[in-house]
Amino acid sequence: MKLTLKIWRQKDAKSTGKFVTYSIDNISPNCSFLEMLDILNEQLIAKNEEPVVFDHDCREGICGMCSLYINGRPHGPDDAVTACQLHMRKFKDGDTIVIEPWRAKPFPVIKDLMVDRSAFDKIIQEGGYISVNTGGAAEANNILVGKENSELAMDAASCIGCGACVAACKNASAMLFVSAKVSQFALLPQGQIEAKQRVMRMVKKMDELGFGNCTNTYACEAECPKLISRSNIARMNREFMCAKVI
Amino acid sequence: MAELNSKIPKGSLTSKWTHYKDHQNLVNPSNKRKLDIIIVGTGLAGSAAAASLGEMGFNVKIFCYQDSPRRAHSIAAQGGINAAKNYPNDGDSIYRLFYDTIKGGDYRAREANVYRLAEVSNTIIDQCVAQGVPFAREYGGSLENRSFGGAQVSRTFYARGQTGQQLLLGSYSALSRQIKLGTVKLYDRHEMMDVVLVDGKARGIIARDLITGKLERHFGHAVVVATGGYGNVFYLSTNAMGSNTSAIWQMFKKGAWFGNPCFTQIHPTCIPVHGDFQSKLTLMSESLRNDGRIWVPKRKEDAEAHRHGKLKANDIAEENRDYFLERRYPAFGNLVPRDVASRAAKERCDAGFGVGETGLAVFLDFKESIGRLGKQVIEDRYGNLFQMYEKIVDENPYINPMMIYPAAHYTMGGTWVDYELQTTVTGLFAAGEANFSDHGANRLGASALMQGLADGYFVLPYTVQNYLAGEIRVARMSTDKAEFAEAEKAVQTRLEKLMAIKGTRSVDQFHKELGKIMWEYVGMARNEAGLKKAIELIRKLRVEFWKDVKIPGALNELNPELEKANRVADFMELGELMAHDALNRNESCGGHFREEYQTEEGECKRNDDDYKYVAAWEYISDGQFKLHKEDLVYEEIEVKQRVYK
Amino acid sequence: MNSSFLQFSSITKKIWMAFLGLFLMIFLVVHLGINLCLLRDDGGVWFNAAAHFMGTNYIVKVFEIVLFGGFIIHILLGIILQVQNWMARPVRYLVSNKTDTPFLSKYMIYTGGIVLIFLIIHFMNFYFIKLGWVSNPNFIEGEPNFYIIAQELFAQPVYSMLYVILFIVLGFHLNQAFQAAWQTLGINHPQYNSCIQWFGTVYAIVVPLGFIIIPIYFLLIR
């Protein structure tokens, strides 16, 4: 396959970036998207140019590190995958591919396609946990959890924190990410005790960090590589209302 | 350096850990605040330890090279975590879990450690459930279990195919809570470059801020390293791209001996290699072997036809299929331990029965299970894995059997530690996959998560405290101290040297070449000549690397190529040590298979008389290592031939 | 007012937005009921009677204040949320988002804006006349004769066209808004999601259609 790549290049957080066009040839359709970038980088190194910096680690769609906005979609044209699981067979020979970093005020660009997502960590630090000290736990089967709720909690908990929801949302809203964590604990008996505090603190932090507001376009759900449902957002709204009113 | 002292507590096996906890030294709360602990790595062991030690009141600094602690590679573990709860009432017990783990490790693990691991396994489940980890449940609301390789009971707790993710997010949440409370300080996008020793004790690290490229000095009364395994020495492995050996390798050079470096696990169920550009191998959970049957064609011509795309798997008649695991190991069948399954697959492929384009693959077939249980049940159990397979290979595994091949996955070897998880350097601890640990020569499925969390939640908080009780009089040291300056300078010099090479070949090219050597000669099957050749080739490659590697960019900036180069430089030295260790171990055991030492049926031939020891290697100088032996004494169990027939 | 609005959390703002939106939708049905009186060929007896009742009844007067408050807050919140949303992405993408999202869901501020412009025109034509802010010769018994005013307006093809287009836009706004409001209020369950969706779509077609019939009736039939 022969491709034209239009990639955002930015030296560091302070510099202004620009798009640079590269062409690349002999790409196997079985190659993953990141492997295609590896090949490009090898070629750039050979030409004494600086390779393109992008975040990646596990390359099996679970660490949530890869974060590329490919042709107008976070993680590219395939559904329910991360960029590292995207394969070149999803493109056509001769295609032009535009690769951009996640764009959101709370996700500043560090270099090229790499962004700082520590805002997500900060939200979790506000309450994305159940306060239990090591060693203080009771026998596991003393806490019974219905299969249905347990499955729903697992659905929510499968969030990998990649930020595609924020990247896809026209408002750069983090509602899907935050609601996935709130939902996980809201669905489990263990999470009830701190439920009110949790949702209020996490939402407050989310707002403070400069994420946008949800306007129910559901782009987040459509782009989530783990298919996290927007019903979690509804659940968080519910939790939030109850926490405020009741 | 003193001889190895594993510091196993006295008393009967079942009372050792209780005895230790009852008699260990404690630090009072006001002193805890004055004591700093550095933890490197935020996987299960690192984050669990940081959270627990933070909760206790110590001052913790935690480091990870990723952008968030939640991204550590523990997250990729799929299958599950073992515990001896015996919920299914199938006769499980702590002793049985202990026994299976020792046996699974081919009698090369330390008895007392493994027993402790089995002992705390149940508490881990309690802890995780309390944290809100969404384990699979029965309809009645109680926890569900499934079976896993190497065991005849169902003792594996799981959260779909994402158990590692859920457990890591559990410990990450506990860690996040401590970060908020201020007991733990997080340094993300920081890589440990070296450990700093003051008067022979570990007192800090030199870390590199990966964004600015600047070196930083950090003091700690104790240093815990939980940086995972070194499977990436093979280039292609199931590890994350950034997984590396550098932390434990630098420690090794500073005096922390390396235990059993040649013990690496090759996982049987990975998606086969299909191209030079490939950067990593994807693992498919071992749990697939619960319902999938592994086979190759019985006739060579069928295998050949499949390789050339002339014959489809489904067109091969039942009588022409060789279910080689079921044939060779009727008792365990497709559920034999990983090392056995991997080797059997390699044996068939080497004999010319391999399938797929490269001939390096075997079938994993669900047809029978789908027929017996229905597609829905299979989809419920493995839906995400099937989907993952289809995304990568572009073939529907519900219709066509999957193709799998073994790939480097886990390293049982690692930094040698005593019962307290302390290395041969005082005040320096190693936990999780980074230590040589509890898995002997082979790790059973669902035991890595168990060990990581056991070390982090339930061992280190005791043993580190025991050590620090003796350090309460040591005031925080200034990082201006000469030792810190020297260590930083050494790192600076090394990085400058790397940058100054300005050669012609990229880091990846060297890494790939190293990987090929390692896979060929120090991989699934090894022999004397091959290992000697490997040593020679690695040495040559290393010389070339330091002459010809090309690193673009600058030193004091974000430079992923420099990061990689620094890691590969260490892999090149480690690779040689692995070959030395494999060469020294004239026996076959677990994941270490020496072709010279096999039975007539091709099984491992262990040599307990001469090799029932942990090989702990001491660094002397470049390419020079000294062997120390820790004899393994089995008081409780009878050492037997490992039979899964 | 503005700054205290800003201090509410994003979800609080959203919940108010949803509540008020649903409230306005109820009002719209009442309004439609009155408008449909125009279709009676009675010289405006019913219509003017309804207008008179709405203009003088004390309970309705109280509700009028609530209604205007609702309108203003709904609009203000919409603008504040939108400005915050624009600020959340200071650097835009080169390739605009290609994610598959419900039709026009991304353009609520614009459809809302069009409705607002019409609302102002509508006020100029009717409500402000009653208040005496805008003069109009059509008075009956000291009250504006809204029947005649409406008749005259609908006689203008341009106005009628705009009126029809506007209600189509409003239909799209409402179609997205109805189910979104329930989602915001935390009502999302597989059991009744399709019901909400169905009702919203039916409402978004039927109510605007009811309004649209009137100018067409005046233009084509009378």
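Just so it is clear, the model here is predicted, and its values are computed rather than measured.

## Brief notes about the overall build of chain B
A count of helical and extended segments in chain B gives 18 helices and 22 strands. Here the C-alpha atoms of chain B give a radius of gyration of 24 Å, agreeing with the 26 Å that 2.2 N^0.38 yields for 645 residues. With 645 residues in all, chain B has 61% of them scored as buried. In chain B, the share of contacts with a sequence separation of at least 24, taken over all contacts with a separation of at least 6, comes to 74%.

## A closer look at the overall build of chain A
Per the secondary structure count, chain A includes eight helices and seven strands. Its C-alpha atoms give chain A principal-axis dimensions of roughly 60 × 35 × 35 Å.

## A short note on the domain arrangement of chain A
Residues and elements named next belong to chain A. As assigned here, chain A comprises domain 1 (3-111) and domain 2 (118-133 + 140-245). Each partner contributes residues to the interface: domain 1 has 18 residues there, and domain 2 has 16 residues. In the side of domain 1 that touches domain 2, the residues fall into ten nonpolar, five polar and three charged.

## A look at the pairing of strand E22 (residues 624-631) of chain B
All names here are of chain B. Bridging between strand E21 (residues 613-621) and E22 involves eight bridges; their strand directions are antiparallel. Looking at the pairing, tyrosine 619 lines up with phenylalanine 625 of E22. Linking two consecutive strands that pair antiparallel, namely E21 and E22, is a turn of two residues; a positive phi of about 80° is found at glycine 623 within it.

## Quick notes on the interface of chain A and chain C
Frequently, the measure chosen for interface size is the accessible area that the parts lose on association. Facing the 38 residues of chain A at the interface are 35 residues of chain C. Elements that contribute at least two residues to the side of chain A that touches chain C include exactly strand E5 (96-101), helix H6 (195-208), helix H7 (219-223) and helix H8 (231-245) of chain A. Residues belonging to the side of chain A that touches chain C are distributed by class as follows: 16 nonpolar, eleven polar and eleven charged.

## Focus on the interface of chain A and chain B
Contacts between chain A and chain B engage 63 residues on the former and 62 residues on the latter. The set of elements that each furnish at least two residues to the side of chain A that touches chain B consists of helix H1 (33-46), strand E6 (109-111), helix H2 (118-127), helix H3 (147-157) and helix H5 (175-186) of chain A.

## A closer look at the domain arrangement of chain B
According to the domain assignment, chain B contains domain 1 (267-408) and domain 2 (482-608). Listed as interface residues are six residues of domain 1 of chain B and, on the opposing side, six residues of domain 2 of chain B.

## A short note on the environment of Tyr323(B)
Take Tyr323(B): it is sitting in the loop between strand E14 (321-322) and helix H9 (324-328). The spatial distance from the C-alpha of Tyr323(B) to the C-alpha of Ile472(B) is 61 Å, given a sequence separation of 149 residues.

## Points about the pairing of strand E9 (residues 215-219) of chain B
All names here are of chain B. For strand E8 (residues 201-209) and E9, the ladder comprises five bridges, and the chain directions are antiparallel. Paired with isoleucine 205 across the strands is histidine 218, a residue of E9. Remark: five residues form the turn of the hairpin made by E8 and E9, two consecutive strands paired antiparallel; glycine 213 in that turn has positive phi of roughly 80°.

## Points about unusual backbone geometry
In the Ramachandran plot, Arg59(A) falls in the positive-phi region, its phi being about 55° despite a non-glycine side chain. Note on placement: Arg59(A) falls in the loop between H1 and strand E3 (68-70). Among the residues examined, Arg59(A) registers 25 C-beta atoms within 10 Å and is labelled buried. The phi dihedral of Leu104(C) falls on the positive side, at around 60°, and the residue is not glycine. Along the chain, Leu104(C) falls in the loop between helix H4 (58-87) and helix H5 (108-125).

## Considerations on the sheet that holds strand E10 (residues 222-225) of chain B
Residue and element names in this part refer to chain B. Spatial ordering of the open sheet is given by E6-E2-E1-E10-E18, a layout of five strands whose pairing is parallel. The outermost strands of the open sheet, each flanked by one partner alone, are strand E6 (184-187) and strand E18 (428-430). Taking each pair of neighbouring strands and ignoring which way they run, the sheet shows an average axis angle of 20°. In the sheet, strand E1 (residues 36-40) pairs with E10 via four bridges, with the strands oriented parallel. Bridge pairing in E10 links valine 40 to valine 225. On top of the sheet, helix H7 (residues 246-253) reaches E1, E10 and E18; it is set at about 130° to E10, its chief contact. Packing against the sheet, helix H13 (residues 448-468) makes contact with E1, E10 and E18, and its axis sits at approximately 155° to E10.

## So, the nonpolar core
General note: in soluble globular proteins, nonpolar side chains tend to be found buried as a group. With 311 residues, the main nonpolar core has Val166(A), Val224(B), Val225(B) and Val362(B) as its most contacted residues. In terms of residue count, H13(B) provides more of this core than any other element does, twelve residues in total. Among residues more than four places away in sequence, those in contact with Val225(B) are Val40(B), Gly41(B), Ala247(B), Ile248(B), Met251(B), Phe429(B), Ala430(B) and Ala434(B). Leu38(C), Phe47(C), Ala51(C) and Tyr147(C) belong to the second-largest nonpolar core, a separate cluster that totals seven residues.

## Observations concerning the environment of Phe19(C)
Residue placement: Phe19(C) occurs in helix H2 (residues 10-36). On a C-alpha basis, the gap between Phe19(C) and Tyr110(C) in space is 20 Å, while along the polypeptide they are 91 residues apart.

## Observations regarding the sheet that holds strand E7 (residues 190-198) of chain B
Residue and element names in this part refer to chain B. As summarised here, the arrangement of the three strands in space is E7-E8-E9, forming an open sheet in which the pairing is antiparallel. Strands at the two margins of the open sheet, each flanked by one partner only, are E7 and E9. Going from strand to strand, the sheet's axes swing by 30° on average, the running direction of each strand aside. Inspection of the sheet shows E7 paired to E8 by eight bridges, in the antiparallel sense. The partner of aspartate 194 across the bridge, within E8, is isoleucine 206.

## Describing helix H5 (residues 111-131) of chain B
In an α-helix there are 3.6 residues to a turn, and that puts residues three or four apart on one side. The terminal C-alpha atoms of H5(B), which comprises 21 residues, lie 30 Å apart, in line with the 30 Å expected from a rise of 1.5 Å per residue. Burial within H5(B) is extensive, with 19 of its 21 residues counted as buried.

## Considering the environment of Ser118(A)
All names here are of chain A. Structurally, the position occupied by serine 118 is in helix H2. A tally of 18 C-beta atoms within 10 Å means that serine 118 is categorised as partly exposed. Along the primary structure serine 118 and alanine 222 are separated by 104 residues, whereas in three dimensions their C-alpha atoms are 23 Å apart.

## A few points about the confidence of the model for chain B
This prediction gives chain B a mean pLDDT of 95; 100% of its residues lie at or above 70. Under the prediction, the complex receives an ipTM of 0.98, its pTM being 0.96.

## What about H2(C)?
For H2(C), spanning 27 residues, the distance from its first C-alpha to its last is 39 Å, which sits close to the expected 39 Å at 1.5 Å a residue. Those residues of H2(C) that sit buried are Ser10(C), Ile11(C), Lys13(C), Lys14(C), Ile15(C), Met17(C), Ala18(C), Leu20(C) and Gly21(C).

## With respect to the packing of helix H7 (residues 146-155) of chain C against helix H9 (residues 190-221) of chain C
Residue and element names in this part refer to chain C. At a closest axis distance of 9 Å, the pairing of H7 and H9 adopts a crossing angle of 75°. Of the possible angle classes, the one that applies to H7 and H9 is roughly perpendicular. Residue-level contacts link Gln151, Phe154 and Ala155 of H7 to Ile214, Pro215, Phe218 and Leu219 of H9. Classifying every residue of the contact of H7 with H9 by side-chain character gives six nonpolar, one polar and no charged.

Calculation notes
- Residues numbered from 1 in each chain as written.
- Chains lettered and ligands numbered in written order.
- Predicted model: local features only at pLDDT ≥ 70, side-chain atom pairs only at ≥ 80, totals over all residues.
- Helix = DSSP H or I, 4+ residues; strand = E, 2+ residues; numbered from the N terminus.
- Rg over C-alpha atoms; globule rule 2.2 N^0.38 Å.
- Buried ≥ 20, exposed ≤ 12 C-beta atoms within 10 Å, placed from the backbone.
- Contact = placed C-beta atoms within 7 Å.
- Domains from an automatic or database assignment.
- Nonpolar A, V, L, I, M, F, W, Y, C, P; charged D, E, K, R; others polar.
- Pairing = 2+ DSSP bridges.
- Axes fitted to C-alpha atoms, helices over the stretch in contact; angles between N-to-C directions.
- Core = buried A, V, L, I, M, F, W, Y, C linked by C-beta atoms within 7 Å.
- Expected span 1.5 Å × (residues − 1).
- pLDDT = per-residue confidence, 0-100.
- Parallel < 35°, antiparallel > 145°, perpendicular 65-115°, else oblique.

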